[in-house]
Amino acid sequence: MKKLLWIGCLSYFLIGLAHVVLGSILPVALEHYGKDYSQGGTLIFAQFAGFLGGVLLSPWLNRRFGKRGGLLIAAALLCIAELSYMLLPPWGWMFVIAPAAGFGFGMIEAVIGTIIIAAIKDNTAVAMSRLEVLFGIGAMVMPLIASGLISAGYWRLSFLVVAVCAAMTFIFWAKSSFGELDSELSRRSSDDTSVHAHAASSPNGAKPSDIEPSRSTYRGRNLALLSLFVLFFFLYVGTEMSLANFMPAILIEKMNMKEAGATLSVTCFWIAMSVGRLFAGYIAEKFQYRVYVLYSCLAAVLLLMIFPFTNQIWSAFLIILLLGLALSGVFSIALVFASKMLPGTEESTPSILIASGGVGGAILPLVTGWSLDHLEVNQSAWMLAIFAVGLLVISVVTYQWQRRYTVSSAS
């Protein structure tokens, strides 16, 4: 189990790199191609459309090739896509490469999140927060590397860093053994009959439905609750990716910062995210998931409402650091929170919510890119605050929902 978690952390480190590499070099890349921010937002939209495809198709690919096979396909595709980015092909080809890259890291995230939540029953939030720490470190390191490469005039090599990490991840998944989990990771749909037969005859009386939850689980209360979490992840990932991809552009427009310096804002954001994630799992386990999510969203709203009033670089970076701390554990804790609120759906709920996050990660940065071209920069900042208000409203509703459900269950 430790080896699985370790390689899962490496994979999430790769996802962190891949998520932000395009945004880290976006201003200089757009200058190279002679494009504006709206077209940059469209490129990020294309990448996250691929991300969504990777998440949605991962169950089919897992059934056909097994979870390990699916991860190998995704890592290989991501490696090839990043190497293609590095070649700086004609602009039109970037819209072919971007979905391929998004598909690769989207599938990796969906498969590993599902494996960890299903395999680790105790302190699940702690395990997921460890993965998210490595995601944050990857997302923190990439802008730092990109900033140095931009200054040196070799910014295209940022994509090579991601490609090398993807190749390493491919090798680890291909060569590693996980003991009893190997059969589950390699199982394909053709093996389902034998697995269900074994479950039916097992001493603990496990049923096929225990291994693969029925779609009928999402009815009535559960369907309404799932819908709320779908909207929550749509808004959260869209807001996070808008911050990660357009924070440098916002600072350049708002404070006339240089490109290399503005790129460091993303590093500061992910430093705070990584530090916060070291403690997020333990805090959430101690004070309950719903409390953690609620107060994190409240803090994010307050900080994003203050940001438009900042006029100094130091105050802007302070807000960015505090935002990173506030949002650090929201994704992983909310993912576990949703899975616990919808018992029996641990195999399907993470993929659905990650997919909805992918939709948000595709659409909201597109909106943010458009707003930077057509509105004042502070109006774009206020738009991000409105997204955060939506997160707060949903977190209040789910907080009250679980509170009432807990009280009714106790009585």
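Definitions and limits used
Sequence order as written defines the numbering, with residues in each chain counted from 1. In keeping with the model being predicted, local features are shown solely for residues with a pLDDT of at least 70 and side-chain atom pairs are shown and tallied solely at 80 or more, while totals for entire chains, interfaces and linings include all residues. Only hydrogens and water are removed before side-chain values are computed, so all heavy atoms of the structure are retained for them. Numbered from the N terminus, helices here are DSSP runs of H or I no shorter than four residues, and strands are runs of E no shorter than two. Any residue under 20% of the maximum accessible area for its type is buried, any over 50% is exposed, and the rest in between are partly exposed; the area is computed with a 1.4 Å probe on protein chains only. Two residues form a contact once any of their heavy atoms are found within 4.5 Å. Exposure was quantified through the Shrake-Rupley algorithm and a 1.4 Å probe, taking into account, for residues, occlusion by the shown protein chains and nothing else. Cavities and pockets were defined on a 1 Å grid built over protein atoms only: a cavity is a set of grid points that admits a 1.4 Å probe from which the probe cannot escape, a pocket is an open set flanked by protein on both sides within 12 Å along at least five of seven lines, and lining residues are those with an atom within 4 Å of any such point. Grid points are joined across faces, edges and corners, and a volume is the space filled by probe spheres set on the points. N or O atoms closer than or at 3.5 Å make up a polar contact, with two conditions inside protein: a donor-capable atom paired with an acceptor-capable one, and, for residues adjacent in sequence, both atoms drawn from side chains. Residues belong to one nonpolar core when they are buried, are Ala, Val, Leu, Ile, Met, Phe, Trp, Tyr or Cys, and are joined through side-chain atoms within 4.5 Å. Given a helix with a known number of residues, its expected span is that number minus one, times 1.5 Å. The axes used here are C-alpha line fits, helices contributing only the stretch in contact, and every angle between their N-to-C directions lies in the interval 0 to 180 degrees. Here the word oblique covers every angle except those under 35 degrees (roughly parallel), over 145 (roughly antiparallel) and from 65 to 115 (roughly perpendicular). Each crossing gets its hand from how the near helix is turned against the far one by less than a right angle, where anticlockwise is left-handed and clockwise is right-handed. Ring geometry is summarised as follows: Phe, Tyr and Trp rings, the Trp one being its six-membered ring, pair when their centres sit within 6.5 Å, and such pairs are stacked at plane angles under 30 degrees, edge-to-face over 60 and tilted between the two. For a ring to carry a charge above it, either NZ of a lysine or CZ of an arginine must fall within 6 Å of the ring centroid while also lying within 35 degrees of the normal to the ring plane. In this scheme, patches are assembled from residues that exceed 30% relative accessible area and form no salt bridge. Like charges are connected within 9 Å, while nonpolar side chains (Val, Leu, Ile, Met, Phe, Trp, Tyr) are connected within 5 Å. Note on definitions: salt bridges are taken to be side-chain nitrogens of Lys or Arg within 4 Å of carboxyl oxygens of Asp or Glu. Per residue, pLDDT captures the predictor's confidence, and it can take any value from 0 to 100.

What to know about the overall build of the chain
Per the secondary structure count, the chain includes 16 helices and 0 strands. Within the span of the chain, comprising 411 residues, buried residues form 58% of the whole. Contacts spanning at least 24 positions in sequence make up 84% of the contacts within the chain whose residues lie at least 6 apart. Accessible area of the chain: about 16,700 Å², with a carbon and sulfur share of 66%.

Brief notes about empty space enclosed by the protein
Throughout the structure, instances matching the rule amount to 4 cavities of 30 Å³ or more. Approximately 100 Å³ is the volume found for the largest cavity. For the largest cavity, the full set of lining residues is His19, Phe51, Glu109, Glu132, Phe135, Tyr236, Val237, Glu240, Met241, Arg277, Phe331 and Gly357. Counting residues per element, the ones that place at least two in the lining of the largest cavity are helix H5 (124-152) and helix H10 (221-255). At 4 residues, the largest contribution of residues to the lining of the largest cavity is made by H10.

Section: the side chain of Ser265
Assignment of secondary structure puts Ser265 in helix H11 (residues 259-287). Separated by 2.6 Å, the side chain of Ser265 and the backbone oxygen of Ala262 make a polar contact. With residues up to four places along the chain from it excluded, the contact list for Ser265 reads Met247, Pro248, Leu251, Phe317 and Ile320.

Some thoughts on the environment of Ala101
Within the element layout of this structure, Ala101 appears in helix H4 (residues 91-119). A relative accessible area of 0% places Ala101 in the buried class. In the structure, Ala101 is positioned 26 residues away from Ala75 in sequence and 9.4 Å away in space, judged by C-alpha atoms. Discounting residues that sit within four places of it in the chain, Ala101 has contacts with Gln47, Leu78, Ala81, Glu82 and Tyr85.

Things to note about the nonpolar core
Among the nonpolar cores identified, the biggest contains 144 residues, and Ile25, Trp173, Phe232, Tyr236, Leu251, Trp270 and Leu327 are the most heavily contacted of them. Element by element, the count of residues in this core is highest for H10, at 20 residues.

Some remarks on helix H1 (residues 2-24)
Turn by turn, an α-helix covers 3.6 residues, leaving residues three or four places apart pointing in a common direction. Between its first and last C-alpha, H1 extends 32 Å over 23 residues, near the 33 Å set by a 1.5 Å rise per residue. For H1, a buried count of 20 out of 23 residues is recorded, marking the element as mostly surrounded by other parts of the structure.

A word on the packing of helix H12 (residues 289-306) against helix H13 (residues 313-327)
Contact geometry of H12 with H13 gives a least axis separation of 8 Å together with a crossing angle of 160°. Relative to H13, the element H12 lies roughly antiparallel. Helix-helix and strand crossings are classified by hand; for H12 and H13 the assignment is left-handed. Along its contact with H12, which presents Ser296, Ala299, Ala300, Leu303, Leu304 and Ile306, the element H13 presents Ile319, Leu322, Leu323, Ala326 and Leu327.

As for the packing of aromatic side chains
Applying the stated criterion across every chain yields a total of 10 aromatic pairs. Ring centres of Phe229 and Phe337 lie 5.5 Å apart, and the angle between their planes is 90°; this geometry places the pair in the edge-to-face category. With Phe229 in helix H10 and Phe337 in helix H14 (residues 330-341), the pair connects residues that are 108 residues apart, well separated along the chain. With a centroid separation of 5.9 Å and an interplanar angle of 85°, the aromatic rings of Phe309 and Trp382 are classed as edge-to-face. Of the two residues, Phe309 sits in the loop between H12 and H13 while Trp382 sits in helix H16 (residues 377-410), which places them 73 residues apart along the sequence. Look at Phe309 and you get exposed, because its relative accessible area is 61%. We classify Trp382 as partly exposed; its relative accessible area is 34%. One aromatic cluster in this structure is built from Phe232, Phe233, Tyr236 and Phe331. Its end group placed over the ring of Phe307, Lys254 keeps NZ or CZ at 5.8 Å from the ring centre.

With respect to a nonpolar patch on the surface
On the surface, a cluster of nonpolar side chains totalling about 950 Å² of accessible area is made up of Ile271, Val275, Leu278, Phe279, Ile283, Phe287, Trp314, Leu318, Leu322 and Leu325. Elements with a contribution of two residues or more to the nonpolar patch: H11 and H13. Per-element accounting of the nonpolar patch gives the leading share, 6 residues, to H11. Since its relative accessible area comes to 48%, Phe287 is described here as partly exposed.

Structural notes on the environment of Thr114
As for its placement among the helices and strands, Thr114 is situated in helix H4. You can call Thr114 buried: its relative accessible area is 6%. Placed 235 residues apart in sequence, Thr114 and Thr349 show a C-alpha to C-alpha distance of 8.4 Å.

Observations concerning the confidence of the model for the chain
Caution is warranted with low-pLDDT regions, since their predicted coordinates should not be read in detail. Across the chain, pLDDT averages 82, with 87% of residues at or above 70. pLDDT under 50 marks residues 191-216. Its contacts with residues more than four places away, or in other chains, come to 17 contacts.

Description of the packing of H10 against H13
At their nearest, the axes of H10 and H13 sit 12 Å apart, and the two run at 175° to each other. Considered as vectors, H10 and H13 are oriented roughly antiparallel to each other. Of the residues in H13, those in contact with Tyr236, Leu243, Met247, Leu251 and Met255 of H10 are Ile313, Ala316, Phe317, Ile320 and Leu327.

Some remarks on unusual backbone geometry
The phi torsion at Leu88 lies on the positive side, around 50°, for a residue other than glycine. In this structure, Leu88 sits in the loop between helix H3 (37-86) and H4. With a phi angle near 85°, Gln288 is a residue other than glycine that sits in the positive phi range. For Gln288, the location among the structural elements is in the loop between H11 and H12.

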